[in-house]
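Now for the letters of each chain:
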Amino acid sequence: AGAEDFYCKTSNAHIRLTKLQALSGGKLEAITSNGKIQGDGLKFGQVFCKTCNAGISCSQVSCDSLEAQTSNGRIDARDCAASCLISLVSSNNSVAGEKLQSETITLSTSNGGVSVRDLSGSHIALRTSNASITGTVRGDMREYATEGKTSNGSCNIPNLRYPDQQK
């Protein structure tokens, strides 16, 4: 199906979006209070998903920006590419990303872990409190300036920054 902008909202039901695309870079917005959001095969300029008390899962999303926000729910994103931004934010649950590609990638949660596999981006930020961060980033370690810190645990990420590092 094709549309310029697509907006859907519900209070207590699941939202499932499959193989939708904008005619020319429009916006997709999916909002629910107590239902899961699932998006597969989406092609829009902007994709925004927000829920409470449920999870969000996205796969094969192609866009300029992908933003997903939830509380009390897990976020899973797989095989997603965004030219500018991928932002996945949860609280009280985990965030997972696999094969994500964007200029800027941010995965953030509290009271849940962050797990990633095969990320590619120039600016990658992974944040959590009260849990671990694990995973892999695509590319040579020498391409990246890195910073790792913790307030109550161990960290094996070195703090490295050199003038020729682009990521």
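Up top is the structure these notes are about.
Throughout, a residue's number is its position along its own chain's written sequence, starting from 1. With the structure being a predicted model, the display of local features is reserved for residues of pLDDT at least 70 and the display and counting of side-chain atom pairs for 80 or more, all residues being used for whole-chain, interface and lining totals. To obtain the side-chain values, all non-hydrogen atoms of the structure were used and water was disregarded.

J.: Give me the overall build of the chain: which residues, what numbers.
T.: Of regular secondary structure, the chain possesses 0 helices and 14 strands. Helix and strand assignments come from DSSP, with helices taken as H or I runs of at least 4 residues and strands as E runs of at least 2, each series counted from the N terminus. Scanning the chain from its N terminus toward the C terminus, one meets helices and strands in the order β-β-β-β-β-β-β-β-β-β-β-β-β-β. As defined in this context, the radius of gyration uses C-alpha atoms, and a globule is described by 2.2 Å times the residue total to the power 0.38. In summary, the chain has a C-alpha radius of gyration of 16 Å against a globular reference of 15 Å for 167 residues, a match within 12%. Seen along its three principal axes, the alpha-carbon backbone of the chain occupies a region of about 45 × 35 × 20 Å. Partly exposed residues are those whose accessible area sits between 20% and 50% of the maximum for their type, while under 20% is buried and over 50% is exposed, using a 1.4 Å probe and protein chains only. Across the 167 residues of the chain, 40% fall into the buried class. By definition in these notes, contact holds between two residues if any of their heavy atoms fall within 4.5 Å. Of all intrachain contacts in the chain linking residues separated by at least 6 positions in sequence, the fraction that spans at least 24 positions is 4%.

J.: So what's going on with the pattern of salt bridges? Residues and values would help.
T.: By convention in these notes, a salt bridge is any Lys or Arg side-chain nitrogen within 4 Å of a carboxyl oxygen on Asp or Glu. All told, the structure shown has 5 salt bridges when counted by the stated rule. Between R117 and E98 there is a salt bridge, with the nearest N and O atoms lying 3.2 Å from each other. With a gap of 19 residues between them, R117 in strand β12 (residues 114-119) and E98 in strand β11 (residues 95-108) connect regions that are remote in the sequence. The residue R138 makes a salt bridge to D118 at a minimum N-O spacing of 2.8 Å.

J.: How would you explain the side chain of S102 if you had to name every residue and give the values?
T.: Secondary-structure assignment places S102 in strand β11. Polar side-chain contacts of S102 include one of 2.9 Å to the backbone oxygen of A82. The term polar contact refers here to a pair of N or O atoms within 3.5 Å; inside protein, the definition further demands a hydrogen-donor-capable atom paired with an acceptor-capable atom, and it admits residues adjacent in sequence only when both atoms are side-chain atoms. Here the side chain of S102 touches T104 through a polar contact of 3.3 Å, landing on its backbone oxygen. Setting aside residues no more than four positions away along its own chain, S102 makes contact with A82, S83, C84, L85, I86, S120, G121 and S122.

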